[in-house]
Amino acid sequence: MTDNKNELREMTIAFALSVSDICDSINGCRSYVDQIVRSSSSIGANLFEGKYAQSRADFIHKLEIALKECSETEYWLEILHRKGKITDEQYKFLNNTRGTIQRKLIASITTAKKNSNKSH
């Protein structure tokens with residue numbers, strides 16, 4: 001389980017850096033760029049905060065916020081793609097990575113909730 005957590009943490013860092021690197025070269029659309037940089041980096045930030053959660057419920061809440069940020073990132077990716085600010089290749093790469101992170105977050109939330117129900 002620890003390896004999966006570390007893998008997801010590393011994946012969120014790499015994803016945020018990839019988004020940031022691509023956004024560095026975008027001219028215009030600053031408000032969209034700022035939004036996607038915030039939401040993509042917030043995925044990992046909330047995952048990291050979960051490490052120091054005050055309770056199982058707080059941990060689950062942090063993961064759920066990370067999942068919401070993942071969903072928001074999907075929206076901004078699509079906006080930037082439709083505006084022609086990122087290429088098809090960049091969009092596919094980033095959205096595939098985002099989708100993998102999303103699936104891992106859902107699995108982690110599901111597991112945490114099951115474990116929470118067992119302890120009651």
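For the structure, see preceding data.
Residues numbered from 1 in each chain as written. Predicted model: local features only at pLDDT ≥ 70, side-chain atom pairs only at ≥ 80, totals over all residues. Heavy atoms only, no water.

Asker: What is the right way to look at helix H3 (residues 56–82) in this model?
Answerer: Quick reminder: α-helices carry 3.6 residues per turn. Residues three or four places apart thus point the same way. Taking 1.5 Å of rise per residue, 27 residues should cover 39 Å, and H3 covers 40 Å from first to last C-alpha, within 8% of that figure. For H3, the complete set of buried residues consists of Asp58, Phe59, Ile60, Lys62, Leu63, Ala66, Glu69, Cys70, Thr73, Trp76, Leu77 and Leu80. Downstream of H3 by one or two residues, glycine 84 has phi in the positive range, about 75°. (Helix = DSSP H or I, 4+ residues; strand = E, 2+ residues; numbered from the N terminus. Expected span 1.5 Å × (residues − 1). Buried < 20%, exposed > 50% of the residue type's maximum accessible area, 1.4 Å probe, protein only.)

Asker: Would you mind showing me how to read a nonpolar patch on the surface here?
Answerer: On the surface, a cluster of nonpolar side chains totalling about 250 Å² of accessible area is made up of Ile13, Leu17 and Phe48. Its location among the elements puts phenylalanine 48 in helix H2 (residues 30–50). We classify phenylalanine 48 as partly exposed; its relative accessible area is 32%. (Patch = residues over 30% accessible without salt bridge, like charges linked within 9 Å, V, L, I, M, F, W, Y side chains within 5 Å. Areas by Shrake-Rupley, 256 points an atom, 1.4 Å probe, with all protein chains shown as cover. Salt bridge = Lys/Arg side-chain N within 4 Å of Asp/Glu carboxyl O.)

Asker: I keep staring at H2 and nothing clicks. Help me out?
Answerer: Between its first and last C-alpha, H2 extends 30 Å over 21 residues, near the 30 Å set by a 1.5 Å rise per residue. Of all the bends in H2, the greatest, near 30°, is centred on serine 42. Buried residues of H2: Val33, Ile36, Ser39, Ser40, Ser42, Ile43, Gly44, Asn46, Leu47 and Gly50, and no others. (Bend = angle between axes of the 7 residues up to and from the residue.)

Asker: Mind showing me how you'd approach the side chain of serine 116 here?
Answerer: Within the fold, serine 116 resides in helix H4 (residues 88–118). Setting aside residues up to four positions removed in sequence, serine 116 forms contacts with Arg56 and Ile60. (Contact = heavy atoms within 4.5 Å.)

Asker: Could you clarify how one ought to interpret the pattern of salt bridges in this entry?
Answerer: Two side chains with opposite charge may pair up if their charged atoms get near one another. Applying the stated criterion across every chain, the model contains 5 salt bridges. A salt bridge links glutamate 78 to arginine 82, with the nearest nitrogen and oxygen atoms 2.6 Å apart. In this pair, glutamate 78 and arginine 82 both sit in helix H3, 4 residues apart, roughly one turn of the helix.

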